[in-house]
Amino acid sequence: MNRTRQAGLDDCDAVLSLWEVCDLTRPWNDATADFRRALDGATSDILCLEQDGNLVATVMVGDDGHRGWVYYLGVLPDRRGHGLGRALMEAAELWLRDRNAPKIQLMVRDDNKHAIEFYKALGYEVQPVVTIGRRLD
């Protein structure tokens, strides 16, 4: 039985472990801080998908006041290909619709062809933009 719910602080270790297994973390990003900021923010959340009480997938979702964003979509490798990523993206879209976000966006590394094809299959389009950034820490 699948169940989607909002993460709580007590989910931190399990969520971070899932992110590691799914190769979503990078050394220059503090995943623990990302988790806590998402839960502490009034306009962000982490959604967890459980099967039989076990965490099998997550997605971070937020509304920046202009559009919605998705980060850290991850499904355990042995559970992929069964619609769990699609289910979480639908949950993220619903979360954003409930907050009247007019658009959903996400960033994918340009060499992650598998993820790009996954999102295209869900009806997302590669946007003609360049992401420009700078670290503030």
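Whatever comes next refers back to the structure up there.
Residues numbered from 1 in each chain as written. Predicted model: local features only at pLDDT ≥ 70, side-chain atom pairs only at ≥ 80, totals over all residues. Heavy atoms only, no water.

Points about the packing of aromatic side chains
Summed over all chains, the structure comprises 4 aromatic pairs. Consider the rings of Trp69 and Tyr71, whose centres lie 6.2 Å apart with planes at 15 degrees: the pair is stacked. Taking 5.0 Å as the distance between ring centres and 70 degrees as the angle between the ring planes, the aromatic pair formed by Phe118 and Tyr119 counts as edge-to-face. Taken together, the ring pairs connect Phe118, Tyr119 and Tyr124 into an aromatic cluster. In this arrangement the basic side chain of Arg99 is found over the ring face of Trp95, its NZ or CZ atom lying 3.6 Å from the centre. (Phe/Tyr/Trp six-rings, centres within 6.5 Å; stacked < 30°, edge-to-face > 60°. Lys NZ or Arg CZ within 6 Å of the ring centre and 35° of its normal.)

Brief notes about the sheet that holds strand S3 (residues 54-63)
Strand order in the open sheet made by the 5 strands is S1-S2-S3-S4-S5, with mixed pairing throughout. Because the sheet does not close on itself, it has two edges, and the strands there are strand S1 (2-6) and strand S5 (104-106). Adjacent strand axes in the sheet meet at a mean angle of 25 degrees when their direction is disregarded. Relative to S5, strand S4 (residues 68-75) runs parallel, the two sharing 3 bridges. Bridged to Gly68 within S5 is Ile104. Relative to the sheet, helix H2 (residues 31-40) contacts strand S2 (44-51), S3 and S4, its axis offset from that of S2 by approximately 105 degrees. (Pairing = 2+ DSSP bridges. Helix = DSSP H or I, 4+ residues; strand = E, 2+ residues; numbered from the N terminus. Axes fitted to C-alpha atoms, helices over the stretch in contact; angles between N-to-C directions. Contact = heavy atoms within 4.5 Å.)

Some details on the nonpolar core
Counting residues in hydrophobic clusters, the biggest one holds 37 residues, and the most contacted among them are Trp19, Phe35, Ile46, Leu47, Val59, Leu88 and Met89. Tallying contributions element by element places helix H3 (residues 84-97) first for this core, with 7 residues. In this structure Trp19 touches Leu24, Thr25, Ala31, Phe35, Ile46, Thr58, Met60 and Tyr72, once residues within four positions along its chain are discounted. (Core = buried A, V, L, I, M, F, W, Y, C linked by side-chain atoms within 4.5 Å. Buried < 20%, exposed > 50% of the residue type's maximum accessible area, 1.4 Å probe, protein only.)

Examining the environment of Arg80
Position of Arg80 among the secondary structure elements: in the loop between S4 and H3. For Arg80, a relative accessible area of 40% gives the class partly exposed. Expressed as a C-alpha distance, the spacing of Arg80 and Ala31, which sit 49 residues apart in the sequence, is 22 Å. Among all residues touching Arg80, those that are not within four sequence positions of it are Cys22 and Val75.

Description of the environment of Arg26
For Arg26, the location among the structural elements is in the loop between helix H1 (12-21) and H2. Overall, the relative accessible area of 17% leaves Arg26 in the buried class.

Focus: unusual backbone geometry
One non-glycine residue, Asp23, lies in positive phi territory at about 60 degrees. Its location among the elements puts Asp23 in the loop between H1 and H2. Not every positive phi belongs to a glycine, and Asn100 is a case in point at roughly 60 degrees. Here Asn100 is to be found in the loop between H3 and S5. Using a relative accessible area of 67% as the deciding quantity, one classes Asn100 as exposed.

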